[in-house]
Amino acid sequence: MQAPGYHTRNEIFSQPEAWTATLDTFRGYADELRALWQNGQYDSVVFTGCGSPYYLALTAASMFQEFVGTPARGVPASEIWLNQQAVLPPAGRTLLITLSRSAETTETIRAVETFRAAGRGDVLTLSCYPDRPLATIGDVNLVFPAGQEESMAQTRAFTTLQLAATALVALWANRDDLLEQLQQLPDVCRRILETYSPLMHTLGTDTSINRFYFLGSGARYGLASELSLKMKEMSISHSEPFHVLEFRHGPRAMATDGALIVGLVSESNQAHEQAVLEDMRAQGARSLAIGEHGTDVAFDSGVHEAVRNLLYLPVGQMLAFERALHNGSNPDQPANLAAVVTLK
């Protein structure tokens, strides 16, 4: 019988190899993707998914708008299905990009069907399993098998799809420099996992911490939301995400003894974001700053900020994993969850 968390730990620590395989797979799709973007003449792009893929949609849309320059937004798939007029651009030709580990989530499938019926534009799908509904209904379908998982809570699948989405943005922005820098991430991730596992164990098993707050801004807000979700799913702990400076506007009331504030610190706004963490420490909370340089967890990656966004995930995943084991939870099979939500 396997120990609790066996699969989750393997999926967290196998991410460097999964990322290498994903980049190899992506290169095989490059020509088809260039043709889709050049021929589509899209006025806007909407990224969508459910659960973790929705948080990835927020991050991907932020990066897309910044680097490609086309208006983009991230929307839950259920909102496209049930409230299309409120969440889709009111006019113009739209590219819908769906994100799904399983490629069979009912709400995402219905979002595509609703979008198709309205004649709004084309559909690009990204998933981890071939021959499933979402992997076959797009105009172009990308499948990244390296993200397949045994665990219920997504770790390797999320970062595999995030890596693919980042490569997609770089490709359509004609940023060959970013595509080249993505090749460096597996080695950096391996070093981060080796270096900071002991710190995540220490924090995850610290009984003086009873609630977690994940802060991130820009493209990192979606990542903060995903890490907060991992803490909830795996360990059944109180956890919430916020934009960094927004945390001062009310939520800071919770930043007292027992709180750990995890800051996904950017290089471009580091002074402002570190100041928030300092303010919370002054109130009695503890903090963990994650970033490129001068932080508790330092990537020292040397790659562009958009490329290194992927590196925040393994650290937060390790923290949630350690807290889950400490709480007596099995992160492979969290309580009250299903790997895929399917509706009748």
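Structure: see above.
Residues numbered from 1 in each chain as written. Predicted model: local features only at pLDDT ≥ 70, side-chain atom pairs only at ≥ 80, totals over all residues. Heavy atoms only, no water.

1. Section: the pairing of strand β6 (residues 211-215)
What counts here: Relative accessibility under 20% of the residue-type maximum defines a buried residue, over 50% an exposed one, and the middle range a partly exposed one, all with a 1.4 Å probe and only protein chains included. Counting from the N terminus, the helices are the DSSP runs of H or I reaching at least four residues and the strands are the DSSP runs of E reaching at least two. Two strands form a pair only when DSSP identifies at least two bridges running between them. Note on handedness: a clockwise path from strand one over the helix to strand two, with the strands aimed away from the viewer, defines a right-handed crossover.
Counting buried positions along β6 gives five out of five residues, so the element sits mostly inside the fold. Both faces of β6 are covered, namely the face carrying R211, Y213 and L215 and the face carrying F212 and F214. Note: β6 against strand β7 (residues 238-242), five bridges, orientation parallel. Looking at the pairing, L215 lines up with F242 of β7. Once the chain exits β6 it traverses helix α10 (residues 220-235) before rejoining the sheet at β7, and the crossover so formed is right-handed. Across five bridges, β6 lies against strand β8 (residues 259-264) in parallel orientation. Among the inter-strand pairings, L215 is bridged to a residue of β8, identified as G263.

2. Quick look at the sheet that holds strand β10 (residues 297-298)
Read across the sheet, five strands follow the order β7-β6-β8-β9-β10 without closing on themselves; strand pairing throughout is parallel. Two strands in the sheet have a free side with no partner beyond their single neighbour: β7 and β10. Two strands pair when backbone bridges link them, and strand β9 (residues 286-291) and β10 are joined in this way by two bridges, in the parallel orientation. Looking at β10, one finds that G291 is bridged to A298.

3. Points about the sheet that holds strand β5 (residues 140-143)
Where we set the bar: Orientation is described by lines fitted to C-alpha atoms, with helices fitted over the stretch in contact, and by angles between N-to-C directions that extend from 0 to 180 degrees. Here, two residues are considered to be in contact whenever any of their heavy atoms come within 4.5 Å of each other.
Across the sheet, which stays open at both edges, the five strands sit in the order β2-β1-β3-β4-β5 with parallel pairing between neighbours. Either end of the sheet is taken by a strand with one partner, and the two such strands are β2 (72-76) and β5. Along the sheet, successive strands turn relative to each other by an average axial angle of 20 degrees, direction set aside. Where strand β1 (residues 44-49) lies against strand β3 (residues 94-100), five bridges are found, and the strand directions are parallel. Paired with F47 across the strands is I97, a residue of β3. Strands β1, β3, β4 (121-127) and β5 of the sheet are contacted by helix α2 (residues 15-40), whose axis makes an angle of about 160 degrees with β5.

4. Focus on the pattern of salt bridges
Which entries qualify depends on this criterion: One speaks of a salt bridge when a side-chain nitrogen belonging to Lys or Arg is within 4 Å of a carboxyl oxygen belonging to Asp or Glu.
Counted according to the given criterion, the structure contains 16 salt bridges. For E104, the salt bridge is made with R132, and the minimal N-O distance between the two is 3.5 Å. Residue E104 is located in the loop between β3 and α6 (106-117), and its partner R132 is located in the loop between β4 and β5; the two are separated by 28 residues in the primary sequence. Given a relative accessible area of 29%, E104 falls into the partly exposed group. A salt bridge links E233 to K230; its shortest N-O distance comes to 3.2 Å. Within this pair, E233 and its partner K230 are both found in helix α10, separated by three residues, close to a single helical turn.

5. Structural notes on the environment of T207
Along the chain, T207 turns up in the loop between α9 (185-204) and β6. Between the C-alpha atoms of T207 and H326, which are 119 residues apart in sequence, the distance is 8.9 Å.

6. Some remarks on the state of the cysteines
For the record, the criterion: Defined by distance alone, a disulfide is two cysteine sulfur atoms within 2.5 Å.
If you walk through the whole model with that rule in mind, you get zero disulfides. Its sulfur unpaired, C128 is 15 Å from the next cysteine sulfur, which belongs to C50. Free of any disulfide, C189 has its nearest cysteine sulfur in C128, 16 Å distant.

7. Some details on the packing of α2 against helix α7 (residues 156-172)
We apply this condition: Handedness of a crossing is defined here by the sense of rotation of the near helix relative to the far one, left-handed for an anticlockwise turn of less than a right angle and right-handed for a clockwise turn.
Interhelical geometry of α2 versus α7 gives an angle of 35 degrees and a closest axis separation of 9 Å. Crossing of α2 against α7: the hand is right-handed. Listed contacts from α7 to Q15, A18, W19, T22, L23, F26, A30, L33, R34, L36 and W37 of α2 are R156, T159, T160, L163, A164, A167, L168, L171 and W172.

8. Considerations on the pairing of β9
Across the six residues that make up β9, a large majority, five, are buried. Two elements, β8 and β9, share five bridges in a ladder whose sense is parallel. Counted as the bridge partner of L260 is R286 from β9. The β-α-β motif built from β8, the intervening helix α11 (residues 270-282) and the parallel element β9 has right-handed crossover chirality.

9. Here's the deal with helix α13 (residues 312-327)
Because an α-helix completes one turn every 3.6 residues, residues spaced three or four positions apart along the sequence face the same direction. As a reminder of what qualifies: Any helix carries an expected span of 1.5 Å times its number of residues minus one.
With 16 residues, α13 should cover 22 Å at 1.5 Å per step; its first-to-last C-alpha distance of 23 Å lies within 8% of that length. By the criterion of burial, α13 is predominantly enclosed, with 13 of the 16 residues buried. Of the residues flanking the end of α13, it is G328, one or two places downstream, whose phi is positive at about 85 degrees.

10. Things to note about the packing of aromatic side chains
The following threshold applies: Aromatic contacts are taken between Phe, Tyr and Trp rings whose centres are within 6.5 Å, Trp giving its six-membered ring; a plane angle under 30 degrees counts as stacked, one over 60 as edge-to-face, and the others as tilted. By the criterion adopted, a ring carries a charge over it if an Arg CZ or a Lys NZ lies within 6 Å of its centre and within 35 degrees of its normal.
Per the counting criterion, the structure on display carries eleven aromatic pairs. With a centroid separation of 6.5 Å and 40 degrees between ring planes, the pair formed by Y213 and F242 is classed as tilted. Of this pair, Y213 sits in strand β6 while F242 is found in strand β7, placing the two residues 29 residues apart along the sequence. Exposure remark for Y213: the relative accessible area of 1% places this residue in the buried category. By way of ring pairs, the aromatic residues W37, Y42, F47, F64 and W172 are connected into one cluster. Taking NZ or CZ as reference, R9 lies 4.2 Å from the ring centre of F13, over its face.

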